[in-house]
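Here are the chains, one letter per residue:
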Amino acid sequence: MRLLVVEDETRLARALQRGLTADGFTVDVALDGVTGLERARDGQYDAVLLDVMLPGLSGYEVIKQLRAAHVWTPVMMVSAKDGPYDQADGLDYGADDYLVKPFDYVVLVARLRALLRRQSDPRPPVLAHGDVRLDPATREVTIAGNDVSLSRREYELLEFLLRHPGRVITKTELLDRVWDARGVGYEPNVVEVYVGYLRRKLGPGLIETVRGAGYRLAP
Ligand code: CA
């Protein structure tokens, strides 16, 4: 099993390399984000241990670029930053597990082995509805196989609708979920405007208006 450890604290990196080597892994070390990304992209690793706070490129940026480059090696993020927010961040970007520093070495190895055991394709599934396909991994959208270019907001609106097929979604909910906290100050008709953009790009039949209630994907 080949592992890549991306960690800028040299002593910790070396200690992990020693320990994991003694446990039977082949271990490479990268001491900054840029080198880590290069190695992870090119090397055939079974798993990557990725620190969040790194010089050059943060761990979040490394995983984002790794997944954008279609590399699906399991990644365990390791960080001193605590709290569910950071954890969710790492997992959102495509990490497979998350460990908070300081961690127990025995726990690290157990979690690593579990990660390697369930090593399937961690690529997020493509969302599809009729002719429309949306790939959350690459943020590519196609209709009947042809690329469609969407703005960030259009993409996020479409992704939200595709994740809730068959449900009527109110404008308020869309403002809240797609326009985020920035929804404060937005007029609900901004939703109508963007639904209009999507209909123009993806065909008029995709999104239904449910009078007085909101929108839903056409069945
Ligand atoms: Ca660090």
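See above for the structure.
Keep in mind that this is a model prediction, so the values were computed, not measured.

K.L.:
Explain the nonpolar core to me, please; I cannot follow it from the model alone.
P.N.:
The tendency in soluble globular proteins is for nonpolar side chains to be buried as a group. Within the largest apolar cluster, 26 residues are counted, with the highest numbers of intra-cluster contacts made by Val-141, Leu-157, Leu-158, Leu-174, Val-191, Leu-202 and Ile-207. Here the element with the most residues in this core is helix 6 (residues 152–163); it accounts for six residues. In this structure, Leu-174 is in contact with Leu-157, Phe-160, Ile-169, Trp-179, Val-191 and Tyr-215, ignoring residues within four places of it in sequence. Grouped together as the second largest cluster of nonpolar side chains are 20 residues, Val-6, Ala-30, Val-52 and Val-71 included.

K.L.:
Looking at this structure, how should I read the coordination of the calcium ion?
P.N.:
Where a metal carries four tetrahedral donors, each ideal angle is 109.5 degrees; where it carries six octahedral donors, the ideal angles are 90 or 180 degrees. Surrounding the calcium ion are the protein donor atoms Asp-8 (OD), Asp-51 (OD) and Met-53 (O), which sit 2.1 to 2.3 Å from the metal. By relative accessible area, which is 3% here, Asp-51 ends up buried.

K.L.:
Quick question: what am I supposed to make of the side chain of Ser-79 here?
P.N.:
Residue placement: Ser-79 occurs in strand 4 (residues 75–79). What makes Ser-79 buried here is its relative accessible area of 0%.

K.L.:
What exactly am I supposed to notice about the packing of aromatic side chains here?
P.N.:
The description of two aromatic rings rests on the distance between their centres and on the angle between their planes. Taken as a whole, this structure holds two aromatic pairs when the rule is applied. Ring centres 5.4 Å apart and planes at 80° place the aromatic pair Trp-179 and Tyr-194 in the edge-to-face group. Of the two residues, Trp-179 is situated in the loop between helix 7 (171–177) and helix 8 (189–202) and Tyr-194 in helix 8; the sequence distance between them amounts to 15 residues. Measuring from ring centre to ring centre gives 5.0 Å for Tyr-194 and Tyr-197, while their planes differ by 75°; the resulting arrangement is edge-to-face. Here Tyr-194 and its partner Tyr-197 are both found in helix 8, three residues apart, which amounts to about one turn of the helix. For Tyr-197, a relative accessible area of 31% gives the class partly exposed. Within the aromatic cluster, the residues linked to one another by ring pairs are Trp-179, Tyr-194 and Tyr-197. Arg-2 extends its terminal NZ or CZ atom over the ring of Tyr-45, reaching a point 4.6 Å from the ring centre.

K.L.:
Hey, could you run me through the pairing of strand 8 (residues 140–143) in this one?
P.N.:
Every other side chain in a regular strand lies on the same face of the sheet, so the side chains alternate between the two faces. Here strand 7 (residues 132–135) runs beside strand 8; their pairing, made up of four bridges, is antiparallel. Bridge pairing links Val-132 to Ile-143 in strand 8. Turn length for the strand 7-strand 8 hairpin, with the two strands adjacent in sequence and antiparallel, is four residues, and the turn residue Arg-139 shows positive phi of about 60°. Hairpin connection, strand 8 to strand 9 (residues 146–148): the antiparallel pair is bridged by two residues, and Ala-144 has positive phi, about 50°.

Definitions and cut-offs
Residues numbered from 1 in each chain as written. Predicted model: local features only at pLDDT ≥ 70, side-chain atom pairs only at ≥ 80, totals over all residues. Heavy atoms only, no water. Core = buried A, V, L, I, M, F, W, Y, C linked by side-chain atoms within 4.5 Å. Buried < 20%, exposed > 50% of the residue type's maximum accessible area, 1.4 Å probe, protein only. Helix = DSSP H or I, 4+ residues; strand = E, 2+ residues; numbered from the N terminus. Contact = heavy atoms within 4.5 Å. Donors = N, O, S within 2.8 Å, 3.2 Å for Na, K, Ca; no water. Phe/Tyr/Trp six-rings, centres within 6.5 Å; stacked < 30°, edge-to-face > 60°. Lys NZ or Arg CZ within 6 Å of the ring centre and 35° of its normal. Pairing = 2+ DSSP bridges.

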